[in-house]
Amino acid sequence: MTDTGAGDGRIVVGVSGSLGSLAALHHAVAEARRTDAEVLAVLCWTPPGEELGYRRSVCPPVVGAGRDAAVTRLRQALDEAFAGRHAGARLRCQAVRGETAHTLLRCADRPGDVLVLGAGRERGCLSRLIRPSVTAYCVRHAACPVLTVPRPPLQRDLEALERGYGLRDLVAGN
């Protein structure tokens, strides 16, 4: 990333609360400190049953509850990322209603913006067909630079344990 100077753009970062998104948030804040840019942390949400289900049966209290849950999740993610302390950079946060990939691209729409995303979980072919990768979609369709932050080692270890690999090493104490 180049030093764009203050006010030339923002660093937009997708936040979900996952380890990968928290790593992306830390990277975005570190870059913002270096370049004096503003960080816009975005948590995307949809009503229960997704947008199509909501359109079939409109219920404003459900939308309000979904928005409140998203704001709570965003606050929790920020608390986990920074242990309740100041991030050390200009940080704005938004819970935005909409499908994740399209919403992030709409948020990173200014000249000079950079979109920062955490690399997602390793997934199989069927999973990718059912739910395409947000990161891959954003890399292909963004009008701004997209920076993907690798999965943290802890996330890789946890995924290996979930698949059953590494369990022997964990039990053996290695």
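Here we summarise the structure given alongside this text. (Residues numbered from 1 in each chain as written. Predicted model: local features only at pLDDT ≥ 70, side-chain atom pairs only at ≥ 80, totals over all residues. Heavy atoms only, no water.)

Describing helix α3 (residues 60–82)
Helix length check: α3, at 23 residues, gives a terminal C-alpha distance of 33 Å against a target of 33 Å (1.5 Å per residue), a fit within 8%. For α3, the full list of buried residues reads V63, G64, G66, A70, L74, A77, L78, A81 and F82. A83 lies just past α3 and shows a positive phi near 50°. (Helix = DSSP H or I, 4+ residues; strand = E, 2+ residues; numbered from the N terminus. Expected span 1.5 Å × (residues − 1). Buried < 20%, exposed > 50% of the residue type's maximum accessible area, 1.4 Å probe, protein only.)

Some remarks on the nonpolar core
Ranked by size, the top nonpolar core spans 26 residues in total, and within it V13, L25 and V116 carry the most contacts. Where this core is concerned, the elements lending two or more residues are β1 (10–14), α1 (19–35), β2 (38–45), α3 and β4 (114–118). If you tally residues by element for this core, the top one is α3, at seven residues. With sequence-adjacent residues up to four places away left out, V116 is seen in contact with I11, V12, V13, G14, A24, A28, L147 and V149. V12, V96, C107 and C138 belong to the second-largest nonpolar core, a separate cluster that totals 14 residues. (Core = buried A, V, L, I, M, F, W, Y, C linked by side-chain atoms within 4.5 Å. Contact = heavy atoms within 4.5 Å.)

Overview of the pairing of β2
Burial runs high along β2: eight of the eight residues are buried. Neither face of β2 is left uncovered, since the one carrying E38, L40, V42 and C44 and the one carrying V39, A41, L43 and W45 both have all their residues buried. Note: β1 against β2, five bridges, orientation parallel. Within the sheet, the bridge partner assigned to I11 lies in β2 and is V39. Judged from the seven bridges that link them, β2 and strand β3 (residues 91–97) form a sheet pairing that is parallel. If you follow A41 over to β3, its bridge partner there is C93. (Pairing = 2+ DSSP bridges.)

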